[in-house]
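Each chain, letter by letter, is given below.
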Amino acid sequence: MTGYCLNCGAQNPSEPCDNCASTAALSEFIFRRRLLYSTAIFLLGALAFLPAMHYYPPLDADGMMIFLGVVAAVELVLAVVLDRRARQAEPLEALRRIFRGLLPVPWLLSLLLVLNGRFDTSPPYREVTRVVSKFAMPGVLHTRRLMVTSWRPGQRIERVPVDEDDFARFRNGDSVEILVQPGLVGIPWIYSVLRH
Ligand SMILES: [Zn+2]
């Protein structure tokens, strides 16, 4: 028997493995079941991100979603590669470590957004700006953005996340007042959008 023990990572294990006493067949079964559960936990974390985004919509919502999308893509590819390598008894410890490292990312990101918003006791600040255009993407994410002239230096446009009502209420050219919360950990989020 060559390769690695899927259970404890020992190199060239005997059968059963003298390090963890598991047989190769049992190790592979446990490994793949764990991989499946881990992937499910990761995806649940990505789902938990959506209500967090809904209640405390960050000003840079799109940047965060792109980041999470890239992490999710990497994690799912890793899951497939790990599964294949386990079947072919190829080395996988390095990839497995990356997979484990990325596993809590969507949960941490969701938790961060909730902490950032839920315990943010500072009063919102007001930014008066103008709607330049609107953007809506149908589908699970229900992305709705008001594109407004930015008040931040070095930035031309802000893509302000809004709910269905606000999205319908405002038109291009409208002057709006945006109430921005600074956020407990410094992630600015949208408290409300008013007509100015
Ligand atoms: Zn072992």
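Keep in mind the model is a prediction, meaning the values are calculated, not measured.

*Asks:* What is the right way to look at the pairing of strand β1 (residues 125-137) in this model?
*Replies:* One face of the sheet, then the other: side chains in a regular strand alternate in exactly this way. As paired strands, β1 and strand β4 (residues 175-181) are joined by six bridges and run antiparallel to one another. Bridging across to β4, Thr129 finds its partner in Val176. Here β1 runs beside strand β2 (residues 143-149); their pairing, made up of six bridges, is antiparallel. When the bridges of β2 are listed, Phe135 appears paired with Arg145. Hairpin connection of β1 to β2: five residues between the antiparallel strands, including Gly139 at a positive phi of 115°.

*Asks:* Can you help me understand the pairing of β2 in this one?
*Replies:* Extensive coverage of β2 is indicated by the burial of six of its seven residues. Bridge analysis of β2 against strand β3 (residues 157-161) gives five bridges, and the strand direction is antiparallel. Bridge pairing in β3 links Thr149 to Ile157.

*Asks:* Sorry, what's going on with the coordination of the zinc ion here?
*Replies:* By definition of the ideal shapes, a tetrahedral metal site with four donors has angles of 109.5 degrees and an octahedral site with six donors has angles of 90 or 180 degrees. Coordination of the zinc ion by the protein involves Cys5 (SG), Cys8 (SG), Cys17 (SG) and Cys20 (SG), with metal-donor separations of 2.3 to 2.4 Å. Angles of 106 to 114° at the metal separate the four donor atoms of the zinc ion, which places the site in the tetrahedral class. A residue is classified by how much of its surface remains accessible, and Cys5, at 5% relative accessible area, is buried.

*Asks:* Before we go on, may I ask you to explain the layout of surface pockets in this structure?
*Replies:* Gaps left between atoms show up when a probe the size of a water molecule is rolled over them. Here the largest pocket is characterised by a volume of approximately 470 Å³. Lining the largest pocket are 22 residues, with Met53, His54, Pro57, Val162 and Asp163 sitting closest to its centre. Secondary structure elements with two or more residues in the lining of the largest pocket: α1 (24-55), α2 (61-87), β2, α5 (164-169) and β5 (189-195). The class makeup of the residues in the lining of the largest pocket is 13 nonpolar, four polar and five charged. Of the voids in this model, the second largest pocket is the one considered here, and its volume is about 320 Å³. Lining the second largest pocket, in full, are Phe42, Leu43, Ala46, Leu47, Phe49, Leu50, Met65, Leu68, Gly69, Ala72, Val140 and Leu141.

*Asks:* Would you take a moment to explain a nonpolar patch on the surface for this structure?
*Replies:* Side chains of Leu108, Leu111, Leu112, Leu115, Phe119, Leu184 and Val185 sit close together on the surface and give an oily, nonpolar patch of about 630 Å² of accessible area. Take Leu111: it is sitting in helix α4 (residues 105-118).

*Asks:* Would you take a moment to explain unusual backbone geometry for this structure?
*Replies:* For residues besides glycine, phi is generally negative; the peptide bonds are generally trans as well. Following Glu15, the chain continues into Pro16 via a peptide bond in cis, with omega recorded as -5°. Inspection of the secondary structure assignment puts Pro16 in the segment before α1. For Ala21, which is not glycine, the phi dihedral falls at a positive 65°. Its identity is not glycine, yet Ala89 carries a phi of approximately 55°, on the positive side. As for its position among the elements, Ala89 is in the loop between α2 and α3 (93-102).

*Asks:* Got a minute to help me understand the environment of Glu90 in this structure?
*Replies:* Tracing the chain through its elements places Glu90 in the loop between α2 and α3. We classify Glu90 as partly exposed; its relative accessible area is 33%. Separated by 21 residues in sequence, Glu90 and Leu111 have C-alpha atoms that sit 36 Å apart.

*Asks:* I tried to follow the packing of aromatic side chains on my own but got confused; where do I start?
*Replies:* Within a pair of aromatic rings, the relevant descriptors are the distance that separates the centres and the angle that separates the planes. This model, assessed by the stated rule, comprises two aromatic pairs. Ring geometry for Tyr56 against Trp189: centres 5.2 Å apart, planes inclined by 85°, an arrangement best described as edge-to-face. Taken together, the residues Tyr56 in the loop between α1 and α2 and Trp189 in strand β5 connect sequence positions 133 residues apart. Under the relative-accessibility criterion, Trp189 is labelled buried at 7%. Centroid distance Trp189 to Tyr191: 6.4 Å. Interplanar angle 70°. Geometry classified as edge-to-face.

Reading the values: the criteria
Residues numbered from 1 in each chain as written. Predicted model: local features only at pLDDT ≥ 70, side-chain atom pairs only at ≥ 80, totals over all residues. Heavy atoms only, no water. Pairing = 2+ DSSP bridges. Helix = DSSP H or I, 4+ residues; strand = E, 2+ residues; numbered from the N terminus. Buried < 20%, exposed > 50% of the residue type's maximum accessible area, 1.4 Å probe, protein only. Donors = N, O, S within 2.8 Å, 3.2 Å for Na, K, Ca; no water. Tetrahedral: all angles 85-135°; square planar, octahedral: opposite > 155°, others 65-115°. 1 Å grid on protein atoms, 1.4 Å probe; cavity = no way out; pocket = protein on both sides within 12 Å on 5 of 7 lines; lining within 4 Å. Points joined across faces, edges and corners; volume = space filled by probe spheres on them. Nonpolar A, V, L, I, M, F, W, Y, C, P; charged D, E, K, R; others polar. Patch = residues over 30% accessible without salt bridge, like charges linked within 9 Å, V, L, I, M, F, W, Y side chains within 5 Å. Areas by Shrake-Rupley, 256 points an atom, 1.4 Å probe, with all protein chains shown as cover. Salt bridge = Lys/Arg side-chain N within 4 Å of Asp/Glu carboxyl O. Phe/Tyr/Trp six-rings, centres within 6.5 Å; stacked < 30°, edge-to-face > 60°.

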